[in-house]
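# Summary of structural features
One letter stands for each residue in the lines below.
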Amino acid sequence: MPSVRLASSVPKSATAVDVPMSTEAVSKLPADRKAAAQRQGFEGKTGQTLVLAGGDDKQIEVLVGIGPSKDLTTAKLRKAAASFARAVTKHGSVATNLMAHAGELDRAEALAAVAEGLRLSTYRFNQLRSDSSLKKNEVKLKTITIIASGRELRAELNRANAVIDAVELARDLVNEPGGSMTPQAFVAAAKKVTADTDVKLTVWNEARIKRERLGGVLAVNQGSEHPPQFLQLRYKPAKGRPKASVALVGKGVTFDSGGLSLKNSVGMMTMKIDMAGAAAVLATMATLPAIKAQVEVTGYIPLTDNMTGPDAQRPGDVFTARNGKTVEVLNTDAEGRLILADALSLAAESDADAIIEISTLTGSATAALGQSYAALLATDDDLAGRLEAASARTAEKLWRLPLPDEYRSQLDSSVADLRNIGTTPYGGALIAGLFLKEFVGDKPFAHVDLGLSAVSEASKGINVKGATGNGVRLLIDTLAAW
Ligand code: BES
Ligand code: MN
Ligand code: ZN
């Protein structure tokens, strides 16, 4: 996978270079190029590309559409950069002029967007391929040079690269099969990425989880061969008084079979992604020192798979969560909220000013919003506003859904304090949010339901088929801007 650097001119080593083209610029092309563009349907629309062969010793030129110049946004630059990188994956060294078109945009944000487009679109998960399929899927790109001047941009690029590393880490963790990404494997990854950093990692094993009364984690783990794990990660700014203390909580179901309320084979097919929230929290935490975040952050990650072993929890079973509430489990496939109940209870006990939780919690979020959007549910408008602002900057799409009091009675149980599913098949993402709300005390709380935005069906824009790493840029940006 390529690395991205800055230079003030195109290096000799580059065998391809882009020519960013607004829609207006296409009509001003020299006649021969205009004819080629017309023939191939290149109109300068954002993300369109047209490869023009150079002479023998000449660099190949790639026209890259950036849309009407007056409408340029960082999101479009990101998309254009992604298209360019995709068009030149078989080259070793290339250069891009996209920064020359950043115009009125914030230069730091534009640079980050270009770097993200270049690197994230050429990410590959090739660890599990053997030679022949590896060759087919290999990205030959080693170096991408962004042409731009200004010394201050170097620090910005370092920062952008750290954020992109975090997204790629999350993608790697989510792409790893459920059979090998066990809670233990996730812990090993967490140890590796936090070693020699200022992020302090605490691991609770099963015995400690029992002593700490994490009843939801234990209930979901009953059907599993792999003991559960519970992680806490702590970051404090090296200098200065922290602007706030924030708790991050991530769902870490390393594989979701549904438990005894078993999923069908299609529903289960993608369920190695059910730790995408946990991956986003780990990747975010690991990056806070590099971006010198000015907030104190504690990450909480409950880890287990959801399986059907002989003592798996039965529909109708009742457990007691960390905060003392009892829960009747009527559907063992609504398991994420059970492990999150404990993690949220711990966050609620802490001195955090706000709790942000992220999870692949419901199919219902995706039924409502489709795969490009994550759902945002929040008890606090300020906190929701912070996430929405970060969403606008990162183009990680969020759409806010309500937490309606009038649905709360659907969670009343006839034997316990709560049941874990609603009484109707409707509004599942909202019901799930209302369930989580029972465990956050009176702290401002935001819940990001990634649904299937954690994966992409197609290689498009910055996404490559498979894990998207969605949520990572959103969380980092939210904390950085606090
Ligand atoms: N991990 C799933 C949610 C999910 C499903 C995320 C598909 C992404 C794609 C979660 O544990 C689950 O199974 N939720 C159920 C809840 C239901 C049983 C109330 C769902 O959404 O169907
Ligand atoms: Mn489930
Ligand atoms: Zn799940």
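Analysis parameters
- Residues numbered from 1 in each chain as written.
- Chains lettered and ligands numbered in written order.
- Predicted model: local features only at pLDDT ≥ 70, side-chain atom pairs only at ≥ 80, totals over all residues.
- Heavy atoms only, no water.
- Salt bridge = Lys/Arg side-chain N within 4 Å of Asp/Glu carboxyl O.
- Helix = DSSP H or I, 4+ residues; strand = E, 2+ residues; numbered from the N terminus.
- Buried < 20%, exposed > 50% of the residue type's maximum accessible area, 1.4 Å probe, protein only.
- Near = heavy atom within 4 Å.
- Polar contact = N/O pair within 3.5 Å; in protein donor to acceptor, adjacent residues only side chain to side chain.
- Areas by Shrake-Rupley, 256 points an atom, 1.4 Å probe, with all protein chains shown as cover.
- 1 Å grid on protein atoms, 1.4 Å probe; cavity = no way out; pocket = protein on both sides within 12 Å on 5 of 7 lines; lining within 4 Å.
- Sits in = over half its atoms within 2 Å of the grid points.
- Nonpolar A, V, L, I, M, F, W, Y, C, P; charged D, E, K, R; others polar.
- Donors = N, O, S within 2.8 Å, 3.2 Å for Na, K, Ca; no water.
- Tetrahedral: all angles 85-135°; square planar, octahedral: opposite > 155°, others 65-115°.
- Pairing = 2+ DSSP bridges.
- Points joined across faces, edges and corners; volume = space filled by probe spheres on them.
- Domains from an automatic or database assignment.

Another aspect to go through is the pattern of salt bridges. Scanning all chains against the criterion turns up 23 salt bridges. A salt bridge links Glu-335 to Lys-251; the nearest nitrogen and oxygen atoms lie 3.1 Å apart. Note that Glu-335 is positioned in the loop between β13 (326–329) and α12 (336–349) and Lys-251 in the loop between β9 (245–250) and β10 (252–256), a separation of 84 residues in sequence. The pair formed by Glu-335 and Lys-251 is uniform in burial state, with each residue classed as buried. With its nearest N and O atoms 2.7 Å apart, the salt bridge here joins Asp-477 to Arg-393. Here Asp-477, found in helix α16 (residues 472–480), pairs with Arg-393, found in helix α14 (residues 381–394); they are 84 residues apart in sequence, far enough to count as distant. You can call Asp-477 buried: its relative accessible area is 19%.

The full set close to ligand 1 counts 16 residues, and Lys-263, Asp-274, Asp-333, Glu-335 and Gly-363 are the nearest of them. Between Lys-263 and ligand 1, the recorded distance is 2.8 Å, taken from a side-chain N or O atom to an oxygen atom. Protein chains bury 79% of the 510 Å² of accessible surface belonging to ligand 1 in isolation. Taken atom by atom, the bulk of ligand 1 overlaps the second largest pocket. Along the lines of polarity and charge, the residues of the shell around ligand 1 split into four nonpolar, five polar and seven charged.

Taken together, the protein ligands of the zinc ion (ligand 3) are Lys-251 (NZ), Asp-256 (OD), Asp-274 (OD) and Glu-335 (OE), with distances of 2.0 to 2.4 Å. Taken together, the six donor atoms surrounding the zinc ion (ligand 3) define angles of 79 to 176° at the centre, an arrangement classified as octahedral. Each donor residue of the zinc ion (ligand 3) belongs to the same chain, with the gaps between them written as K-x4-D-x17-D-x60-E.

Every other side chain in a regular strand lies on the same face of the sheet, so the side chains alternate between the two faces. Extensive coverage of strand β18 (residues 445–449) is indicated by the burial of five of its five residues. Alternating residues of β18 divide into Phe-445, His-447 and Asp-449 and Ala-446 and Val-448, and every residue in both groups is buried. In terms of strand pairing, strand β14 (residues 354–359) meets β18 through five bridges, oriented parallel. For Glu-357, the partnering residue across the bridge sits in β18 and is His-447. Sheet topology note: the strand β15 (residues 374–378)/β18 ladder contains four bridges and is antiparallel. Bridging from a neighbouring strand, Ala-375 pairs with Asp-449 of β18.

Attention now goes to the layout of surface pockets. By volume, the largest pocket amounts to about 810 Å³. Taken together, the elements giving at least two residues each to the lining of the largest pocket come down to α3 (74–87), α6 (152–175) and β19 (455–456). For the lining of the largest pocket, the element with the highest residue contribution is α3, accounting for seven residues. The residue makeup of the lining of the largest pocket, split by class, is eight nonpolar, eleven polar and ten charged. Counting the residues that make up the lining of the largest pocket, at least three belong to each of domain 1 (3–150) and domain 2 (163–480). Taken as a whole, the second largest pocket encloses approximately 620 Å³ of empty space. Looking at the second largest pocket, it is lined by 32 residues, and the ones nearest its centre are Lys-263, Leu-361, Thr-362, Gly-363 and Ser-364. Put simply, the parts of the chain that give the lining of the second largest pocket at least two residues each are α12, α13 (363–369) and α15 (428–437). The element that contributes the greatest number of residues to the lining of the second largest pocket is α13, accounting for four residues. Partitioning the lining of the second largest pocket into residue classes produces ten nonpolar, 14 polar and eight charged.

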